[in-house]
Amino acid sequence: MPTPVMQQVEACALARFPDEACGLLVGRRANDSVTVSRAHESRNIAAEPRTAFEVDPGLRLRLQREVTGGGCGDRRDLSFPSFR
């Protein structure tokens, strides 16, 4: 992951603490690796944001349309890692 993207993710996590931060990473998959190019912060819509996270589905749909050019899209173009 490029340093500026990692710094953005870290800043988001620090700003949201003690709540769980959440967002989506956008990148490209090639064989068994993914190259991340962007991070997008999401509202945490979980009922208990201190102990859980749930990405805003509207953000996910907007990014899928942007990356794939519309429709349902191909998840191979998006990366949704979770460290849980």
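This text follows the structure it describes.
In short, a report on the structure.

## Overview of the pairing of strand β1 (residues 22–30)
One face of the sheet, then the other: side chains in a regular strand alternate in exactly this way.
Okay, so step 1: Bridging between β1 and strand β2 (residues 33–42) involves nine bridges; their strand directions are antiparallel. Bridge pairing in β2 places arginine 28 opposite threonine 35.
Okay, so step 2: A loop of two residues connects β1 with β2, the two strands running antiparallel in sequence, and asparagine 31 in this loop sits at a positive phi of about 60 degrees.

## What about the nonpolar core?
Okay, so step 1: Leu24, Val26, Leu59, Leu63 and Val67 together form the largest nonpolar core, which totals five residues.
Okay, so step 2: Looking at which element gives the most residues to this core, the answer is helix α2 (residues 57–68), with three residues.
Okay, so step 3: Those residues in contact with leucine 59 that lie beyond four places of it in its chain are Leu24, His40, Glu41 and Ser42.

## Side note on a nonpolar patch on the surface
Okay, so step 1: On the surface, Met1, Met6 and Val9 cluster together into a nonpolar patch covering about 240 Å² of accessible area.
Okay, so step 2: Note that valine 9 resides in helix α1 (residues 3–16).
Okay, so step 3: Judged by its relative accessible area of 32%, valine 9 falls in the partly exposed class.

## A few points about unusual backbone geometry
Okay, so step 1: Note the cis peptide between phenylalanine 17 and proline 18, where omega equals 15 degrees.
Okay, so step 2: Structurally, proline 18 is set in the loop between α1 and β1.
Okay, so step 3: A positive phi angle, close to 60 degrees, is found at asparagine 31, a residue other than glycine.
Okay, so step 4: Note that asparagine 31 resides in the loop between β1 and β2.
Okay, so step 5: For asparagine 31, a relative accessible area of 74% corresponds to the exposed category.

About the thresholds
Residues numbered from 1 in each chain as written. Predicted model: local features only at pLDDT ≥ 70, side-chain atom pairs only at ≥ 80, totals over all residues. Heavy atoms only, no water. Pairing = 2+ DSSP bridges. Helix = DSSP H or I, 4+ residues; strand = E, 2+ residues; numbered from the N terminus. Core = buried A, V, L, I, M, F, W, Y, C linked by side-chain atoms within 4.5 Å. Buried < 20%, exposed > 50% of the residue type's maximum accessible area, 1.4 Å probe, protein only. Contact = heavy atoms within 4.5 Å. Patch = residues over 30% accessible without salt bridge, like charges linked within 9 Å, V, L, I, M, F, W, Y side chains within 5 Å. Areas by Shrake-Rupley, 256 points an atom, 1.4 Å probe, with all protein chains shown as cover. Salt bridge = Lys/Arg side-chain N within 4 Å of Asp/Glu carboxyl O.

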